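# Fold and geometry: a report
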Amino acid sequence: MGIVLDVLRLLAAIVIAVIAGKLISQLKLPAILGWLIAGMFIGPHALNLLGSSVLDAQWFSVLEHILECTFGLMIGTELIWKEMKRAGPQILVTTVTESLGTFLVVSAVFAVLFWVADIPLYLALMFGGIALATAPAPSLSVVNDLKTDGPVTKTLIPMAALDDLVGALVFFLVIAFVSAHLSTAGIPVPMVLFLVFLPVILGAITGFITGKLLRLTKKPGSTLAVMLLMLLLSAGIGFAINSALPTPVLNFMLIGMAFSTVFANMVTEQQLQDMMRVMNPVIGFAMVVVILNLAAPLDYHLIFGAGVYTAVYIVARAIGKYSGAYFGAAVTHSPATVRKYLGFTLLPHSGVSLVFTGIAVSVLAGPAPEYAEIIQGTIAAAAVINEIIAVFMAKKGFEWAGELHKAKGGDVRDAKGTAGA
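Let me sum up the structure you'll find in this document. Per chain, residue numbering runs from 1 following the sequence as it is written. The predicted nature of this model means local features are confined to residues of pLDDT at least 70 and side-chain atom pairs, given and counted, to a pLDDT of 80 or more, with totals for whole chains, interfaces and linings taken over all residues. The basis for every side-chain value is the complete set of heavy atoms in the structure, and neither hydrogens nor water enter the calculation.

Our focus in this paragraph is the overall build of the chain. Assigned secondary structure in the chain consists of 18 helices and zero strands. A compact globule built from 421 residues would reach a C-alpha radius of gyration of about 22 Å, and the chain, at 21 Å, matches this within 12%. Expressed as lengths along the three principal axes of its C-alpha atoms, the size of the chain is roughly 65 × 60 × 45 Å. The classification of residues rests on relative accessible area computed with a 1.4 Å probe and restricted to protein chains. Under 20% of the type maximum is buried, over 50% is exposed, and intermediate values are partly exposed. Taking all 421 residues of the chain together, 57% fall into the buried category. Every residue pair with non-hydrogen atoms within 4.5 Å of one another is taken to be in contact. Looking at the chain alone, contacts between residues at least 24 apart form 82% of all its contacts between residues at least 6 apart. Only the protein chains shown count as covering a residue, and every accessible area follows the Shrake-Rupley method with a 1.4 Å probe. Split by element, the accessible area of the chain, about 17,100 Å² in all, is 71% carbon and sulfur. One way to put it: in the chain the 23 positive side-chain charges average out to a point 14 Å from where the 22 negative ones average out. Comment: elements are numbered from the N terminus, with helices defined as DSSP H or I runs of at least four residues and strands as E runs of at least two. Radius of gyration means the value over C-alpha atoms here, while the globule rule gives 2.2 Å times the residue count to the 0.38 power. The positive count covers Lys and Arg only, the negative count covers Asp and Glu only, and His and the chain ends enter neither. In plain terms, the charge of a residue is placed at NZ if it is Lys, CZ if Arg, CG if Asp and CD if Glu.

In structure tokens:
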């Protein structure tokens, strides 16, 4: 009976989020802002409709990871190799500069603060490692919701995948360094590299098998069935691997992204369009649940108790993201709109930051609990404040770039249904 009640709670939360998204849309703001606000107010820190009984449940974790895989389809099906070749090294260079630029700026700023406060400088590196990660779901929700298209959109979508890889790689290298410094259970660097790229390898293998199978299908129904079964198999293998790890850190969105990237480059354009026409509403539903899962744990009370570290973190991270993206776009001679406005679409952060924060806190909890509290308090408050600002700024970035409502009706990103709320 308890599970049935929790499922009803989740369905009610989804309905409330969709309604909130529609209301926010009336103000010419992206629907995701409504989902975020609704998630916070129906989460465990407020009305508790979407409480810990749901968020911590095993069935919800499984559902949420499957939906993360599904959401990865939106990224992967846009990474068509023949189109990517036109961009050349621009996207890769820009991803590296905006990621490392954020890491350097945040680490440097906190190094100065912590030097004055007589706090170990390795904590500054941990802040930098957490800061460089970008949560792709909010900005990509804006892409779907407001039907954006143009140079900024075309740069952002592949960057959403690459940024996760660079962010995870740098963060886990920092964690490995700090673990060794504190003489706790150190994480070997080869293991770090393996964990970062494992979701991509897993998704690529199942995606290749899927592509081979899809070449044998003739009808749209059988094509869709094969893709869905293989997507579930990919997620299932991910669950098995995650359960064997000391900390479940596998990125399911990357599994879905790699899976769909490979098969999307092996099937015909018509097959891809037929699949995505059916999947777009499902991706829209996945977006709502993924955003609710990001928003519900956020405690809005932290807005009123945010300290200097939180403000410094938000500002330093924004400067790092913007300047890093600007520099990368400038040296690769990207269009002026990409140089000026891409950085605004890279500010969303909360989901990934909270996962990284949890790992950082677990490393510090034993040898340095007082520093674990600094990281936990700062990032938790920043996640709430930054996410609301970031979604608004992402929308303004696309608006200033002149890319709102430019996507064609047949575009695979044209998610109808809940994503268009």
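Next comes the rest of the write-up.
Before going further, it helps to spend a moment on the packing of aromatic side chains. Between 30 and 60 degrees the pair is tilted, below 30 it is stacked and above 60 it is edge-to-face, where a pair is any two Phe, Tyr or Trp rings, Trp via its six-membered ring, whose centres lie within 6.5 Å. In total, this model carries 15 aromatic pairs according to the counting rule given. Seen from their ring centres, Phe110 and Phe127 are 4.4 Å apart, and the 5 degrees between their planes marks the pair as stacked. You can see Phe110 sitting in helix α6 (residues 90-117) and its partner Phe127 sitting in helix α7 (residues 122-131), a full 17 residues away along the chain. Each member of the pair, Phe110 as well as Phe127, carries the same accessibility label: buried. Centre to centre, the rings of Tyr322 and Phe344 are 5.1 Å apart; their planes meet at 50 degrees, and the pair counts as tilted. Taken together, the residues span a long stretch of sequence, with Tyr322 in helix α15 (residues 308-331) and Phe344 in the loop between α16 (336-341) and α17 (350-364) at a distance of 22 residues. Grouped by ring-pair contacts, the aromatic residues Phe110, Phe114, Phe127, Tyr309 and Tyr313 constitute a single cluster.

Turning next to the side chain of Thr217. When you line up the elements, Thr217 lands in the loop between α10 (189-214) and α11 (220-244). Accessibility expressed as a relative area gives 15% for Thr217, which makes it buried. A 3.5 Å cut-off defines polar contacts: any pair of N or O atoms within that distance qualifies, except that in protein one atom must be a possible hydrogen donor and the other a possible acceptor, and neighbouring residues in sequence count only when both atoms are side-chain atoms. A polar atom in the side chain of Thr217 sits 2.8 Å from the backbone oxygen of Leu214. Looking at Thr217, its side chain comes within polar contact range of the side chain of Thr223, at 2.9 Å. When neighbours within four sequence positions are excluded, Thr217 is seen to be in contact with Ser222, Thr223, Val226 and Gln271.

What follows is about the side chain of Arg317. Looking at the element boundaries, Arg317 is found in helix α15. For the buried Arg317, no salt bridge is present, and the opposite-charge side chain at shortest range is Asp163, 6.6 Å distant. A polar contact is formed between the side chain of Arg317 and the backbone oxygen of Leu347, at a distance of 2.6 Å. Residues in contact with Arg317, not counting those within four places in the same chain, are Thr102, Val106, Ala131, Ala133, Thr134, Leu346, Leu347, Pro348, His349 and Asn386. One speaks of a salt bridge when a side-chain nitrogen belonging to Lys or Arg is within 4 Å of a carboxyl oxygen belonging to Asp or Glu.

This paragraph deals with unusual backbone geometry. With a phi angle near 65 degrees, Asn48 is a residue other than glycine that sits in the positive phi range. Among the structural elements, Asn48 can be located in the loop between α2 (31-41) and α3 (52-55). You can call Asn48 partly exposed: its relative accessible area is 37%. Here the phi dihedral of His405 falls at roughly 55 degrees; this positive angle occurs in a residue that is not glycine. Here His405 falls in the exposed class, since its relative accessible area comes to 57%.

Right, let's get into helix α18 (residues 369-400). Since the α-helix packs 3.6 residues into each turn, any two residues three or four apart lie on the same face. By this rule, a helix spans an expected 1.5 Å times one less than how many residues it contains. Helix length check: α18, at 32 residues, gives a terminal C-alpha distance of 44 Å against a target of 46 Å (1.5 Å per residue), a fit within 8%. The largest bend in α18 comes to about 30 degrees, at Asn386. Bend, in this description, refers to the angle at a residue between axes fitted to the seven residues ending there and the seven starting there.

This next bit is on the nonpolar core. Core analysis: the largest hydrophobic core is formed by 134 residues, its most contacted members being Leu123, Met126, Phe127, Leu364 and Ile375. Here this core gets 15 residues from one element, more than from any other, and that element is helix α9 (residues 151-181). Apart from the residues within four sequence positions on either side, Ile375 is in contact with Leu123, Met126, Phe127, Ile130, Thr357, Ala360, Val361 and Leu364. Only buried residues count toward a nonpolar core, which is a set of Ala, Val, Leu, Ile, Met, Phe, Trp, Tyr and Cys residues joined through side-chain atoms within 4.5 Å.

One pass over the structure, following the stated rule, counts six salt bridges. A salt bridge links Lys154 to Asp149, with the shortest nitrogen-to-oxygen separation between them at 3.4 Å. Taking the relative accessible area as the measure of exposure, Lys154 reaches 52% and is therefore exposed. One connected set of salt bridges, linked through shared partners, spans Glu98, Asp163 and Lys321.

This brings us to a nonpolar patch on the surface. Like-charged residues are merged into a patch within 9 Å and nonpolar side chains (Val, Leu, Ile, Met, Phe, Trp, Tyr) within 5 Å, provided each residue has over 30% relative accessible area and no salt bridge. Residues Leu193, Phe197, Ile201, Ile205, Phe208, Ile209, Leu213 and Leu216 make up a contiguous nonpolar surface patch of roughly 720 Å² in combined accessible area. With respect to the helices and strands, Ile205 occurs in helix α10.

Attention now goes to the packing of helix α4 (residues 58-76) against α11. Where helices are involved, their axes are fitted lines through C-alpha atoms of the stretch in contact, as for all axes, and angles between N-to-C directions lie from 0 to 180°. Closest axis-to-axis distance for the α4/α11 pair is 10 Å, and the angle between their directions is 125 degrees. Between α4 and α11, the interaxial angle falls into the category oblique. Classified by chirality, the crossing of α11 by α4 is right-handed. Note on element contacts: α11 touches α4 through Met227, Leu231, Leu232, Ala235, Phe239 and Asn242, opposite Val62, His65, Ile66, Cys69, Thr70 and Leu73. For the contact of α4 with α11, the per-class residue count stands at nine nonpolar, three polar and no charged. Angular relationships are summarised with four words: roughly parallel below 35 degrees, roughly antiparallel beyond 145, roughly perpendicular across 65 to 115, and oblique for the angles in between. Throughout, a crossing is termed right-handed when the near helix is turned clockwise from the far one, and left-handed when it is turned anticlockwise from it by less than a right angle. Residue polarity follows a fixed list, in which Ala, Val, Leu, Ile, Met, Phe, Trp, Tyr, Cys and Pro are nonpolar, Asp, Glu, Lys and Arg are charged, and the others, Gly among them, are polar.

Moving on: helix α12 (residues 252-264). Helix length check: α12 (13 residues) gives 18 Å between terminal C-alpha atoms against 18 Å at 1.5 Å per residue, within 8%. By the criterion of burial, α12 is predominantly enclosed, with twelve of the 13 residues buried. Residues of α12 that are buried include every one of Phe252, Met253, Leu254, Ile255, Gly256, Met257, Ala258, Phe259, Ser260, Thr261, Phe263 and Ala264, and no others.

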